[in-house]
Structure formats: structure tokens, C-alpha cells
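Coordinate analysis (summary)
Chain by chain, the residues:
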Amino acid sequence: MPPEDDYTAGPFVPDHGGLPALREAAAGCRGCPLHRDATQTVFGQGNPHARVMLVGEQPGDQEDRQGKPFVGPAGQLLDRALDEAGLDPADAYVTNAVKHFKFMRAEPRKRRIHKAPTLREAAACGPWLAAELALVGPELIVVLGATAGKALLGSSFRVTQVRGTVLEEEIHGRRERLVPTVHPSAVLRADDREAAYQGLVADLTVAADALG
Ligand code: URA
């Protein structure tokens, strides 16, 4: 493996063949060490012509097993919130900043515990997200939490400062509109889950309104 500063998915990303070619190539990505312990690459999925792209952090335990983003508890909560906000989950394209599950085990053979990816790991995975953005060309990006925000908008991103607002930024050479919000897993962990959930729905409603 190259030194940490040199981790990148860049050489693995094909420049033609569309989303199917990207997905196939991503399955063999060795751009950073996270592929070693994960079961498989979890690539984005959904409507290839979606008006809205949702970007999460990284696959969780269920996603790693099933090979699909947001199919576990956070995904179920997200689908419910999208629906309540007037966004059809089936019309969206859903992906993550990091395409492999990073985890630790408190003890050997025990439950796998999510571990946040480093900025370098997220940056290494960036070429996949850039390629998905270029191919799907969404009208709006919903940024789910800090890791996705930092991956798209830089390390000074703070979700609490910008959640529920429509941002306009140049990302990978394209002018993008983005609505940041909290990660659905943060809602599941919140002391006041109902208030946190209503906050997520309110932010997603801003996204729905921005789409018109
Ligand atoms: N959390 C994420 O950020 N992405 C998933 O796919 C699942 C949980």
C-alpha cells in the first residue's frame, strides 16, 4: 500500500462506460486500505437521472453485507423522512462519500462497530463521488452529515452552521446546489429522537422546496 498521503481511487475510475462501468470497476478498488476488511464495495444506487443525489458517510454493517447503500436502520429512517418531506426515495440516487465499511471489533468475532473514516480516506474515495456526480448530474445534492460535507465542501464544513440552507458551490468543476442536514444515524442516537427526526424532515423539506 502507498503512504497515506498517496491513497487515491483515481487510477481505478474508468473514463467511459457510464454508471455500470463505474460500479464494476469500484468493486475492485484498492485505492486505500479499507477494502481489506470490508465484505465488498458499496457503490451508489438509484435513478441514474435523479434530480436529487443523497450523499452519506460510508456503508454500515447491513450495507456491507448486502452491497447496497442505506438498507439498514439509518436507511429506513431516511426513507421515512424523505417521504414525509415530499421527496420520493425511489426517484433519488443514493451514495456515500466512502464506499467501504470501516469498523472495529471490541473483541475478536464480536459485533462490528462503525468507525468514522479519516479525511484522507474520504479524499481517496473522492474520484468515485466526482464521477457519480458528473454522470447523474443532479439538480440538488442532499449532504447527510459531517463526513459527506467535508468530502464535498472541505474540512471547515460544520453541519450545525449550514443545515437546512441551500448552498451554491463549485464542486469538481460543476456549479452545484446543496442542502446539508444531519446524518440519519445521528437521529437514531439522539436523546430526543423525535425532535431530531423532525429537524431532519424540516431540512429535507427545504430540499424538496428547492427542487420545486
Ligand atoms: N450510513 C451511511 O452513511 N451510509 C449508509 O449507506 C448507511 C449508513
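The structure we're discussing is the one just above.
All of these numbers come straight from a predicted model, not from anything done at the bench.

Concerning the nonpolar core
Counting residues in hydrophobic clusters, the biggest one holds 26 residues, and the most contacted among them are Val55, Tyr93, Trp128, Ile141, Val143, Leu152 and Leu178. For this core, the elements supplying multiple residues, two or more each, are helix H1 (18-26), strand E2 (52-56), helix H4 (119-136), strand E6 (140-144), helix H5 (146-153), helix H6 (159-162) and strand E7 (167-171). The element contributing the most residues to this core is H4, with six residues. Once residues within four sequence positions are removed from consideration, Leu152 is found in contact with Val55, Leu129, Leu133, Ile141, Val143, Ile171 and Leu178.

Things to note about unusual backbone geometry
In the Ramachandran plot, Phe70 falls in the positive-phi region, its phi being about 50 degrees despite a non-glycine side chain. By the secondary structure assignment, Phe70 is in the loop between helix H2 (61-66) and helix H3 (73-85). Given a relative accessible area of 12%, Phe70 falls into the buried group. Even without glycine at this site, Arg109 takes up a positive phi of about 65 degrees. Note that Arg109 resides in the loop between strand E4 (103-105) and strand E5 (112-114).

Section: the pairing of E6
On a regular strand, one side chain projects to one face of the sheet and the next to the other, so that they alternate. Within E6, five of the five residues are buried, which leaves it mostly tucked inside the rest of the structure. Of the two faces of E6, the one carrying Leu140, Val142 and Leu144 and the one carrying Ile141 and Val143 are both buried. In this structure, E2 lies alongside E6, joined through four bridges in parallel fashion. Bridging from a neighbouring strand, Leu54 pairs with Val142 of E6. Pairing of E6 with strand E8 (residues 174-181), which is carried by four bridges, proceeds in the parallel orientation. Paired with Ile141 across the bridge in E8 is Leu178.

So, the layout of surface pockets
A probe matching the size of a water molecule, rolled over the atoms, marks out where space remains unfilled. Within this model, the largest pocket holds a volume of roughly 640 Å³. Lining the largest pocket are 27 residues; nearest its centre among them are Gly60, His114, His183, Ser185 and Arg189. Mapped onto the lining of the largest pocket, the elements with two or more residues apiece are H2, H3, E5, H5 and helix H7 (184-189). If one sorts the elements of the lining of the largest pocket by residue count, H7 sits on top with four residues. The class makeup of the residues in the lining of the largest pocket is eleven nonpolar, ten polar and six charged. Put simply, the second largest pocket is a space of about 190 Å³. Considering the residues around the second largest pocket, the lining is formed by 14 residues, among which Gln45, Pro69, Asp79, Pro89 and Val94 are closest to the centre. If you list the elements that add at least two residues to the lining of the second largest pocket, you get strand E1 (45-46) and H3. Here the lining of the second largest pocket gets three residues from one element, more than from any other, and that element is H3. Looking at side-chain class alone, the lining of the second largest pocket contains ten nonpolar, three polar and one charged residues.

Cut-offs used in this document
Residues numbered from 1 in each chain as written. Predicted model: local features only at pLDDT ≥ 70, side-chain atom pairs only at ≥ 80, totals over all residues. Heavy atoms only, no water. Core = buried A, V, L, I, M, F, W, Y, C linked by side-chain atoms within 4.5 Å. Buried < 20%, exposed > 50% of the residue type's maximum accessible area, 1.4 Å probe, protein only. Helix = DSSP H or I, 4+ residues; strand = E, 2+ residues; numbered from the N terminus. Contact = heavy atoms within 4.5 Å. Pairing = 2+ DSSP bridges. 1 Å grid on protein atoms, 1.4 Å probe; cavity = no way out; pocket = protein on both sides within 12 Å on 5 of 7 lines; lining within 4 Å. Points joined across faces, edges and corners; volume = space filled by probe spheres on them. Nonpolar A, V, L, I, M, F, W, Y, C, P; charged D, E, K, R; others polar.

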